[in-house]
Amino acid sequence: MLKHNKPSMISHPFVLLFISILSVSISSIMIKFSDTPTSVAGMYRLFISVIIMLAFVPRKQLVSIQLSKREGCIVLLAGVFLGLYFLFWMESLVYTSVASSMVILSLQPLFVMLGSYFLFKERVSLLTVVCMIIALFGSIFIAWGDISISREALFGDGLSFIGTLFVSAYLLMGQKVSNKIDANVYSIIVFFIGGTVMLIYNLFQNYSLVQYHLSDWIYFLLLAIIPTIFGQYIFNILLNSIGATTVSVGIIGEPVLAIILAYFFLGEMISVFQLIGGMLTLMGMGLYFWSKSLKYSVQRTN
């Protein structure tokens, strides 16, 4: 698996961040067009990812974990938060549109930034705040023409908001222990815990765990490989090098990439709102990552 502490030309943090954002952008489209229960898809998404990753992580690395009780509790909480995030966010797509769900998810950087300030005493510059506001306005513009006011849509929006709180907490917990545990091992543990959370929910709901078509199992496998291993796993790698705030700002670009992918693969037209919003989002993110890349280059030089 990737080594998170030895960046090379191909594994530059911002290149990896783009790959991971592109990967998770596909998940909303896949989830929207599947008839399987979202909690079952999320469970297998995480469990299959664990099985794949175990084939590449040495057993010695798994048994040599040394964490204090406090750090162990943080890892446990991170896994629970991940499972709850998938449970609420994936279910939100059943009730509301992709754009509506995504614009709520784009509030994530605000929660992470506040959490980083209180947990890690991270201060943000005025430029960072301005860039974040521009990017957030872009996300709001994207969803403006698609947000429908109905009881069902509002329920879905509420689920997405709760999921956003959980994923923000998950990223913060990951950053807290990122220098104490290898990203490979950490990902396996939190993916397994998250999958177990969803397994418990599925058992309570009496959902079938095995009676699915071959196409459904292929769907579960693709969810594990693309948005989980090439998405969530890479996010975990980057927490130690660029931090939760920068990772979450990058995720603001997910709606833009989802719209572009829908245009090419589903034939969905791009509206004026989406075009203007996408440009604003990319401009805000571009300014943010330009400032961060300069800082990163200086740190590597020193």
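Residues numbered from 1 in each chain as written. Predicted model: local features only at pLDDT ≥ 70, side-chain atom pairs only at ≥ 80, totals over all residues. Heavy atoms only, no water.

- Looking at an unreviewed UniProt entry, one finds the chain named DMT family transporter, with Paenibacillus urinalis as its source organism.
- Turning to the chain, the UniProt annotation filed under Sequence similarities (unreviewed entry) states: "Belongs to the EamA transporter family."
- Taken verbatim from the UniProt record of the chain, the Subcellular location (unreviewed entry) comment is "Cell membrane". (UniProt positions renumbered as here; feature names shortened; annotations may be inferred.)

1. Section: the overall build of the chain
Then comes step 1: Across its full length, the chain carries 13 helices and zero strands.
Then comes step 2: Ordered by position in the sequence, the α and β elements of the chain form the string α-α-α-α-α-α-α-α-α-α-α-α-α.
Then comes step 3: Counting only residues that meet the buried cut, the chain has 52% of its 302 residues in that class.
Then comes step 4: Considering only residue pairs separated by 6 or more positions, the chain has 90% of its internal contacts joining residues 24 or more positions apart. (Helix = DSSP H or I, 4+ residues; strand = E, 2+ residues; numbered from the N terminus. Buried < 20%, exposed > 50% of the residue type's maximum accessible area, 1.4 Å probe, protein only. Contact = heavy atoms within 4.5 Å.)

2. A few points about the side chain of serine 168
Then comes step 1: Tracing the backbone shows serine 168 in helix α8 (residues 151-177).
Then comes step 2: Excluding its chain neighbours within four sequence positions, the residues that come into contact with serine 168 are Gln108, Phe111 and Val112.

3. What to know about unusual backbone geometry
Then comes step 1: One non-glycine residue with positive phi stands out, namely asparagine 206, at about 60°.
Then comes step 2: When you line up the elements, asparagine 206 lands in the loop between α9 (183-204) and α10 (214-238).
Then comes step 3: With a relative accessible area of 68%, asparagine 206 lands in the exposed category.

4. Description of the packing of helix α2 (residues 38-54) against α9
Then comes step 1: Two elements in contact, α2 and α9, have axes whose closest approach is 8 Å; the angle formed by their N-to-C orientations is 150°. For the element pair α2 / α9, the angle class is roughly antiparallel. Judged by the sense of rotation from one axis to the other, the crossing of α2 with α9 is left-handed. Contacts between α2 and α9 involve Thr38, Ser39, Val40, Gly42, Met43, Leu46, Phe47, Ser49, Val50, Met53 and Leu54 on the former and, on the latter, Asn184, Ser187, Ile188, Phe191, Phe192, Gly194, Gly195, Thr196, Met198, Leu199, Tyr201 and Asn202.
Then comes step 2: Classifying every residue of the contact of α2 with α9 gives 13 nonpolar, 10 polar and no charged. (Axes fitted to C-alpha atoms, helices over the stretch in contact; angles between N-to-C directions. Parallel < 35°, antiparallel > 145°, perpendicular 65-115°, else oblique. Left-handed = near helix turned anticlockwise from the far one by under 90°. Nonpolar A, V, L, I, M, F, W, Y, C, P; charged D, E, K, R; others polar.)

5. A short note on the nonpolar core
Then comes step 1: In this structure, Leu17, Tyr170, Phe191 and Val247 are the most contacted members of the largest nonpolar core, which totals 75 residues.
Then comes step 2: Per element, the largest residue contribution to this core is 12 residues, and it comes from helix α4 (residues 69-95).
Then comes step 3: Setting aside residues no more than four positions away along its own chain, valine 247 makes contact with Leu17, Leu171, Phe235, Leu238, Leu239 and Ile242. (Core = buried A, V, L, I, M, F, W, Y, C linked by side-chain atoms within 4.5 Å.)

6. Here's the deal with the environment of serine 160
Then comes step 1: Here serine 160 lies in helix α8.
Then comes step 2: Judged by relative accessible area, which is 0%, serine 160 ranks as buried.
Then comes step 3: Separated by 70 residues in the primary sequence, serine 160 and methionine 90 have C-alpha atoms spaced 8.1 Å apart.
Then comes step 4: Ignoring anything within four residues of it in the chain, the contact list for serine 160 reads Trp89, Ser92, Ser101, Ile104 and Leu105.

7. Focus: the side chain of threonine 228
Then comes step 1: Along the chain, threonine 228 turns up in helix α10.
Then comes step 2: Take threonine 228: its relative accessible area is 0%, and that puts it in the buried class.

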